[in-house]
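Here are the chains, one letter per residue:
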Amino acid sequence: MRHHPARRRSVAALAGAATLALAGCTAGGSQGGEPSGDDGEAPSGGTLTVSTSFVINSIDPGQVYEATGALAVHAMYDTLVTFEGSDVTTPVPLLAESWEANDDATEFTFTLRDDVTFSDGSELTAQDVAFSINRLHNLAGSPSVTVEGLSAAAPSDDVVVVTSETPNPNVPTILAMPAAGVLNSEEATANGATDAEDAATTDSATAFLDGASLGSGPYVLDSFDPASEIVLTANPEYWGDAPEFDRVVIQNTEAQNQKLAIERADGAMIALDLSGRLLDGLAEGLQTSASQDTFYFVTLHQDPAVSEVTSNPEFVQALRASIDYAGLAALFGEDARPAAGMVPTAFPGALSEDEVQVQDLDAAADHLAASGLTDPTVSLMFPAMTYRGVDLATIATKIQNDAAQAGITIELDPQPIAAFLDAQSAGNVAFRFSPQSLNYPVASSLVNNFAPGQPSAMRSGWSADLASPEMIAAGDAVTASIDPDEQVTAMQEWQRLLNAESPFITLAYNSGTVVATADLSGADYSPAGWQVDLRAVGRG
């Protein structure tokens, strides 16, 4: 297969854990750009203010995994391909002007544009691309799972060859993710970066890259405070059309304050956490863009050494049957729906509404009796935060109340987001609740993360040895599918088996939403991971 645009696109046409703190809720318009003075023309320059509840650990592309970091990194670092607006079905060229794959989807050859420079004015070459992809893989950080089995080589200055150990038609989509952003390899190496196989222990560049950007994107880093603010400025050496704004300020702002601020703003402001009930009564004139791309779920650890209760398969099924899925989804607002499986409705592979899970207290009682447990008590850890307009404590309390109807006692254990993420990574939490988005916008990415033995599964002690042969075979069928329709069918069967035997209970789907002032264009919500493409946001 070969992908080649009819003509080169201008960049302007290509829309392609941290501390929570209250930020000031001054109106964003007070920081907006001044009118140009040209009759009938939209003003340019000025500041775009983006308000969001920070979830961020790093802005090193090789380490970026959380939503706020992906938002900023996507604006500073170009990738081989990208997506336009809210459409994540078709990758489009960015650094690569064309690409082709071999017949079994194990080798992808990308041909680069010849006019790309980094923010220091130096030329971007295929060696920089290969270095960045291989470093991402060898760092073995959280985002490295997206490129598991991939390696890159640069046979010439303008050609990159990416090889996959297994057939994988989704390689271009994976390489659109912010974590695959291309670094200036010479400068990165000079500051401690390496793409060697031992990069996980020898690379020391993350601290430097949290203070400086080495990309070729339309914006460069001015300052980064993970507790309060990220400031980007326009890249004066940008190889494409100049971005609309001179400055972008990403503020850490509690969701309720986001609503107040954007309703008072007189222009050039975006809010990223006004979903669910926070959209009720939103002031007229503001524009919204949304996609149901997030699922909320609980995980029960399968190692008896961690918990004799949560590792009991009959207990898992008792809890699963006790949940009032429809009532729980209603807490998220009208854009939410009860979950059928793990794949949100934004992506091909979601189960139909006919398969939505329902509460069955009789079945819960039967499973609890079969478990042999009497009056079980478990502690539910969750991040103490409002996510996308919903207080997660409200959801945890609903789970607690539903389980109580089945004779299960749940004690709530809210934790600061940083403490929750650390505990989750350590892999010894018996019972936890959190929201989850896809690593990249293809449903099969969930198999790479949640199948028995994969990273997220292992954080819950769910090894391949504990799964049925049918469960293993269903995951293999997904990863072996090259045909998109066959992969969708395989994903649906995989989710049905997850519901039957996995330690994951998917509760509801909710939408990510971008709310923007009326003067902005291109403020489309993207399920790709960066939420809104800052490089595509303009006026008019």
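Preceding this paragraph is the structure being described.
Each value, and the rule that gives it
- Residues numbered from 1 in each chain as written.
- Predicted model: local features only at pLDDT ≥ 70, side-chain atom pairs only at ≥ 80, totals over all residues.
- Heavy atoms only, no water.
- Helix = DSSP H or I, 4+ residues; strand = E, 2+ residues; numbered from the N terminus.
- Rg over C-alpha atoms; globule rule 2.2 N^0.38 Å.
- Buried < 20%, exposed > 50% of the residue type's maximum accessible area, 1.4 Å probe, protein only.
- Areas by Shrake-Rupley, 256 points an atom, 1.4 Å probe, with all protein chains shown as cover.
- Lys, Arg positive; Asp, Glu negative; His and termini not counted.
- Charge placed at Lys NZ, Arg CZ, Asp CG, Glu CD.
- Axes fitted to C-alpha atoms, helices over the stretch in contact; angles between N-to-C directions.
- Parallel < 35°, antiparallel > 145°, perpendicular 65-115°, else oblique.
- Left-handed = near helix turned anticlockwise from the far one by under 90°.
- Contact = heavy atoms within 4.5 Å.
- Nonpolar A, V, L, I, M, F, W, Y, C, P; charged D, E, K, R; others polar.
- Patch = residues over 30% accessible without salt bridge, like charges linked within 9 Å, V, L, I, M, F, W, Y side chains within 5 Å.
- Salt bridge = Lys/Arg side-chain N within 4 Å of Asp/Glu carboxyl O.

Student: Any chance you could explain the overall build of the protein chain here in plain terms?
Tutor: Each helix and strand counted, the protein chain has 16 helices and 22 strands in total. Scaling as 2.2 N^0.38, a compact globule of 540 residues should have a C-alpha radius of gyration of about 24 Å, and the protein chain matches this with 23 Å. Its C-alpha atoms give the protein chain principal-axis dimensions of roughly 70 × 55 × 40 Å. Counting the 540 residues in the protein chain, one finds 58% classified as buried. For the protein chain, the accessible surface area stands at approximately 19800 Å², while carbon and sulfur atoms represent 47% of it. Charge-centre separation for the protein chain: the mean point of 19 positive side chains lies 5 Å from the mean point of 73 negative side chains.

Student: Whenever I open this one, the packing of helix α8 (residues 313-322) against helix α10 (residues 361-371) confuses me. Can you help?
Tutor: The description of two packed helices rests on the angle between their axes and on the distance between the axes. Where α8 contacts α10, the two axes come as close as 8 Å, and the packing angle between them is 165°. By the angle between their axes, α8 is roughly antiparallel relative to α10. Judged by the sense of rotation from one axis to the other, the crossing of α8 with α10 is left-handed. Residues Glu-314, Phe-315, Gln-317, Ala-318, Ala-321 and Ser-322 of α8 lie in contact with α10, whose contacting residues are Leu-361, Ala-363, Ala-364, His-367, Leu-368, Ala-370 and Ser-371. Looking at the contact of α8 with α10, its residues break down into eight nonpolar, four polar and one charged.

Student: Please explain helix α1 (residues 67-76) as it appears in this structure.
Tutor: Two residues of an α-helix separated by three or four positions point the same way, owing to the 3.6 residues in each turn. Within α1, nine of the ten residues are buried, which leaves the element mostly enclosed by the surrounding structure. For α1, the elements touching its buried residues are β2 (47-52), β3 (81-82), β9 (219-225), β10 (229-234) and β11 (247-252).

Student: Hey, could you run me through a negative patch on the surface in this one?
Tutor: Taken together, the side chains of Asp-120, Glu-186, Glu-187 and Glu-237 present a region of like negative charge at the surface. Tracing the sequence through the fold places Glu-187 in helix α4 (residues 185-190). On the basis of relative accessible area, Glu-187 is assigned to the partly exposed category, the value being 32%.

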